[in-house]
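Analysis of the macromolecular model
Listed below are the residues making up each chain.
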Amino acid sequence: AGEAAAEERSVLLANRAACYLKDGACSLCVADCSTALELVPFGVKPLLRRAAAYEALERYRLAYVDYKTVLQVDCTIQAAHDGVNRMTKALLEKDGVNWRQKLPPIPTVPAAAQTRWSSPSAGGPGANTSVTAPKGEPGESMPLGWHNQAAAGTERARTLKEEGNELVKKGNHKKAVEKYSESLKLKQECATYTNRALCYLSLKQYKEAVQDCTEALRLDPKNVKALYRRAQALKELKDYKSSIADIKSLLKTEPKNTAALRLLQELNRT
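Scope of this entry: the structure provided in the associated data block. (Residues numbered from 1 in each chain as written. Predicted model: local features only at pLDDT ≥ 70, side-chain atom pairs only at ≥ 80, totals over all residues. Heavy atoms only, no water.)

1. Structural notes on the overall build of the chain
Counted only if it meets this: Helical segments are the DSSP runs of H or I of at least four residues, strand segments are the runs of E of at least two, and each set is numbered from the N terminus. Relative accessibility under 20% of the residue-type maximum defines a buried residue, over 50% an exposed one, and the middle range a partly exposed one, all with a 1.4 Å probe and only protein chains included. We call two residues contacting when some pair of their heavy atoms lies within 4.5 Å. Calculation of accessible area relied on Shrake-Rupley with a 1.4 Å probe; when residues are assessed, cover is drawn exclusively from the protein chains displayed.
Check the secondary structure of the chain and you find 13 helices and 2 strands. Relative to its 270 residues, the chain shows a buried fraction of 39%. Summarising the internal contacts of the chain: among those between residues at least 6 apart in sequence, 49% fall at separations of at least 24. Split by element, the accessible area of the chain, about 15,300 Å² in all, is 52% carbon and sulfur.

2. Side note on the packing of helix α2 (residues 26–39) against helix α3 (residues 44–56)
To keep it simple, the criterion reads: Between N-to-C directions, angles cover 0 to 180 degrees, with each direction set by a line fitted to C-alpha atoms, over the stretch in contact for helices. To sort the angles, those under 35 degrees are grouped as roughly parallel, those over 145 as roughly antiparallel, those from 65 to 115 as roughly perpendicular, and the leftovers as oblique. A crossing counts as left-handed when the near helix is turned anticlockwise from the far one by less than a right angle, and as right-handed when that turn is clockwise. Gly is put with the polar residues, along with every residue not named as nonpolar or charged; the nonpolar set is Ala, Val, Leu, Ile, Met, Phe, Trp, Tyr, Cys and Pro, and the charged set is Asp, Glu, Lys and Arg.
Two numbers describe how α2 lies on α3: the axes approach to 9 Å, and their chain directions differ by 150 degrees. Judged by the angle between their axes, α2 and α3 are roughly antiparallel. Viewed along their axes, α2 and α3 form a crossing whose handedness is left-handed. Counted together, C26, C29, V30, C33, S34, A36 and L37 of α2 and P46, L47, R49, R50, A53, Y54 and A56 of α3 form the full contact between these two elements. Split by residue class, the contact of α2 with α3 holds 11 nonpolar, 1 polar and 2 charged.

3. Topic: the nonpolar core
Within soluble globular proteins, side chains that are nonpolar generally end up buried alongside one another. Heads up, the condition is: To form a nonpolar core, buried Ala, Val, Leu, Ile, Met, Phe, Trp, Tyr and Cys residues must be joined to one another through side-chain atoms within 4.5 Å.
By size, the foremost hydrophobic cluster in this structure holds 27 residues, and its most contacted members are Y64, Y67, V70 and A80. Sorting the residues of this core by element identifies α2, α3, α4 (60–73) and α5 (78–95) as the ones contributing at least two each. Ignoring any residue separated from it by four or fewer positions in sequence, one finds Y64 in contact with V84, M87, T88, L91, W99, R100, L103 and I106. With 19 residues, the next largest nonpolar core counts A197, L217, V224 and L263 among its residues.

4. Thoughts on the packing of helix α9 (residues 190–202) against helix α10 (residues 206–219)
Where α9 meets α10, the axes come as close as 8 Å, and the angle between the chain directions of the two elements is 165 degrees. When the interaxial angle is binned, α9 and α10 end up roughly antiparallel. As α9 packs across α10, the resulting crossing turns out to be left-handed. Only Y206, E208, A209, D212, C213, E215, A216 and L219 of α10 make contact with α9, whose side of the interface consists of C190, Y193, T194, R196, A197, Y200 and L201.

5. Looking at the pattern of salt bridges
The line we're drawing: Just to be clear on terms, a salt bridge is a Lys or Arg side-chain nitrogen sitting within 4 Å of an Asp or Glu carboxyl oxygen.
One pass over the structure, following the stated rule, counts 16 salt bridges. Between K179 and E163 there is a salt bridge, with the nearest N and O atoms lying 2.9 Å from each other. Taken as a pair, K179 in helix α8 (residues 173–186) and E163 in helix α7 (residues 146–169) lie far apart in primary sequence, 16 residues in all. As a salt-bridge pair, R196 and D212 come within 2.6 Å of each other at their nearest N and O atoms. One end of the pair, R196, is in helix α9; the other, D212, is in helix α10, with 16 residues separating them in the sequence. D212 shares its class with R196; the two are buried.

On their own, these measurements won't tell you what the molecule is for.
Next comes the structure, spelled out in structure tokens:
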């Protein structure tokens, strides 16, 4: 439809990429996201989706670059922070302490792209009283200050999650559950659900562990930790059929996951 439709086309490509990602067609997801980013550079959604696809394809360096680029656009996006942390661990294991030297260059995001997603509506009386969602994206106008409140809530949720993580390291799973629960009230996040599920497993609260893993999988349908921990909980609840189904789903993403293969052997013996 011509150059005027570039932004609309970018949104459609990013949406199709999300479908490809859910179907496990990661290479097609990467292709659509790359085209979307050529049309509208530094779009958050195509960057995040491409990063997730690269991660699934074990192209961790490229995933790291995309997650870091997202944080230049909007440093409050928790999914990007989590992605950077995961990729840092993966690259450290893969490439050793000099892993940063092997990274592709991380693009510098211009100031215009950094402010695009939260710029005031232009024109007319009261133009400075609201911020609007990007063109083609769902969302109503939000009052000024909303972004600051959301950022504060996200930061508090992250702090509570980290406090929970420290308690887990000390073996205090009951107190960690309280911290994760507080964090989830502020921000529903896949990693927080899987962390709380781990605590529930340790506390032998298997039904609660199943519920948390199910919530995590609602947010991230292929999350390996959620699938593994739900399989563990289902095994304890003697729902062997469902447990095996979760392990088989996990192995589609990570065929060589030794813990999952071991659990599958145990389940096949029951």
